[in-house]
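Coordinate inspection notes
Given next are the chains, with one letter for each unit.
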Amino acid sequence: GDSVTQMEGPVTLSEEAFLTINCTYTATGYPSLFWYVQYPGEGLQLLLKATKADDKGSNKGFEATYRKETTSFHLEKGSVQVSDSAVYFCALSSAGNMLTFGGGTRLMVKP
Amino acid sequence: GAGVSQTPSNKVTEKGKYVELRCDPISGHTALYWYRQSLGQGPEFLIYFQGTGAADDSGLPNDRFFAVRPEGSVSTLKIQRTERGDSAVYLCASSSGQGTPLHFGNGTRLTVT
């Protein structure tokens, strides 16, 4: 079945540092790939998505590129802010619009 | 506009009791999903509705779990004979159709004592 593996956290960075959160997946066919974010006390929000190989999703300074050859969708941001502190979930959708999530990575950004 | 609303936000119940969790999706969204998120883990799929019917209930862990969506809008997740292992945050999401983003509610935190 489908699965998503992402790096365990917490990831602790200083403000303005470069961020990478690794995500790899296993799926049949050609899934769509997503990053969701959960800020403290809030619900899951879609951060960005990519629907086919080599697509790059981007939002709020975050980027991720759909790499079919390495089955990866790593999340990156060039300069993190304290307000980016949250839990980030990588996810895929391959049938029926249902999402399969990774375990989540907590990011803590210190001023 | 209004997002996905889930009630109650917190529910504490005793082992063996019956609980109902409610989800009000975004108006006009035909697809509705239930997920369960245990502490420190990602959400796990439970059931998916397209309109009034359950299109996929393969994620329901056992027959103590049941969900309905009688009029194609509000959905209720029902758990019978609750067990301590059912303690988790139950998330609801809705979308306007295939390939469109899922919008999540803030969840119901269920604690079984």
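Throughout what follows, the structure given in this document is the object of discussion. (Residues numbered from 1 in each chain as written. Chains lettered and ligands numbered in written order. Predicted model: local features only at pLDDT ≥ 70, side-chain atom pairs only at ≥ 80, totals over all residues. Heavy atoms only, no water.)

1. Here's the deal with the interface of chain A and chain B
Taken together, the contact pairs 15 residues of chain A with 21 residues of chain B. Summed over both sides, the interface of chain A with chain B buries roughly 1,300 Å², with 53% coming from carbon and sulfur. Taken as a group, A:Leu44, A:Asn97 and A:Met98 account for 41% of the area that chain A buries against chain B, more than any other trio of residues on that side. One can count 0 salt bridges joining chain A with chain B. When residues of the side of chain A that touches chain B are traced back to their parent elements, those giving at least two are strand S5 (32–38), strand S6 (44–50) and strand S11 (99–101) of chain A. Top contributing element to the side of chain A that touches chain B by residue count: S6(A), with 3 residues. Looking at the side of chain A that touches chain B, its residues break down into 7 nonpolar, 6 polar and 2 charged. (Contact = heavy atoms within 4.5 Å. Buried area = accessible area lost by both parts, 1.4 Å probe. Salt bridge = Lys/Arg side-chain N within 4 Å of Asp/Glu carboxyl O. Helix = DSSP H or I, 4+ residues; strand = E, 2+ residues; numbered from the N terminus. Nonpolar A, V, L, I, M, F, W, Y, C, P; charged D, E, K, R; others polar.)

2. Some remarks on the sheet that holds strand S3 (residues 19–24) of chain B
The strands making up a sheet associate through backbone hydrogen bonding, with each pair oriented either parallel or antiparallel. Residues and elements named next belong to chain B. Here 4 strands make up an open sheet; going across it, the order is S1-S3-S8-S7 and the pairing antiparallel. The strands lining the two open edges of the sheet, one partner per strand, are strand S1 (5–7) and strand S7 (65–68). Put simply, the sheet's adjacent strands are angled 15 degrees from each other on average, direction ignored. Note: S1 against S3, 3 bridges, orientation antiparallel. Note on S3: the bridge partner recorded for Thr7 is Arg22. (Pairing = 2+ DSSP bridges. Axes fitted to C-alpha atoms, helices over the stretch in contact; angles between N-to-C directions.)

3. Side note on the nonpolar core
With 26 residues, the main nonpolar core has A:Leu19, A:Trp35, A:Leu47, A:Leu48, A:Phe73, A:Leu75 and A:Tyr88 as its most contacted residues. Those elements that place two or more of their residues in this core are strand S2 (11–14), strand S3 (19–21), strand S4 (23–26), S5, S6, strand S8 (62–65), strand S10 (86–93) and strand S12 (105–110) of chain A. If you tally residues by element for this core, the top one is S10(A), at 4 residues. Setting aside residues up to four positions removed in sequence, A:Leu19 forms contacts with A:Val11, A:Leu13, A:Phe62, A:Leu75, A:Glu76, A:Lys77, A:Val80 and A:Leu107. With 20 residues, the next largest nonpolar core counts B:Leu32, B:Leu46, B:Ile47 and B:Tyr90 among its residues. (Core = buried A, V, L, I, M, F, W, Y, C linked by side-chain atoms within 4.5 Å. Buried < 20%, exposed > 50% of the residue type's maximum accessible area, 1.4 Å probe, protein only.)

4. Concerning the state of the cysteines
All told, the structure shown has 2 disulfides over all chains when counted by the stated rule. Bridging A:Cys23 to A:Cys90, the disulfide has an S-S length of 1.9 Å. Where A:Cys23 bonds to A:Cys90 through sulfur, the torsion about that S-S bond is close to -70 degrees, and the disulfide is left-handed. Of this pair, A:Cys23 sits in strand S4 while A:Cys90 is found in strand S10, placing the two residues 67 residues apart along the sequence. When its relative accessible area of 1% is taken as the criterion, A:Cys23 is described as buried. By relative accessible area, which is 2% here, A:Cys90 ends up buried. Residue pairing for B:Cys23: its cysteine sulfur links by disulfide to B:Cys92, the two sulfurs lying 1.9 Å apart. Because the sign of the S-S torsion sets the handedness, a value of about -70 degrees for the bond joining B:Cys23 and B:Cys92 places this disulfide among the left-handed ones. Of this pair, B:Cys23 sits in strand S3 while B:Cys92 sits in strand S9 (residues 88–95), and the two are 69 residues apart along the sequence. Residue classification places B:Cys23 among the buried residues on the basis of a relative accessible area of 0%. (Disulfide = S-S within 2.5 Å.)

5. Considering the pattern of salt bridges
Residues and elements named next belong to chain B. Scanning the entire structure with this criterion turns up 6 salt bridges over all chains. For Arg64, the salt bridge identified is with Glu83, shortest N-O distance 3.5 Å. In this pair, Arg64 sits in the loop between strand S6 (53–56) and S7 while Glu83 sits in the loop between strand S8 (75–79) and S9, placing the two residues 19 residues apart along the sequence. Owing to a relative accessible area of 40%, Glu83 belongs among the partly exposed residues under this scheme. As a salt-bridge pair, Asp86 and Arg64 come within 2.8 Å of each other at their nearest N and O atoms.

Everything listed is a geometric property; what it means functionally is a separate question.
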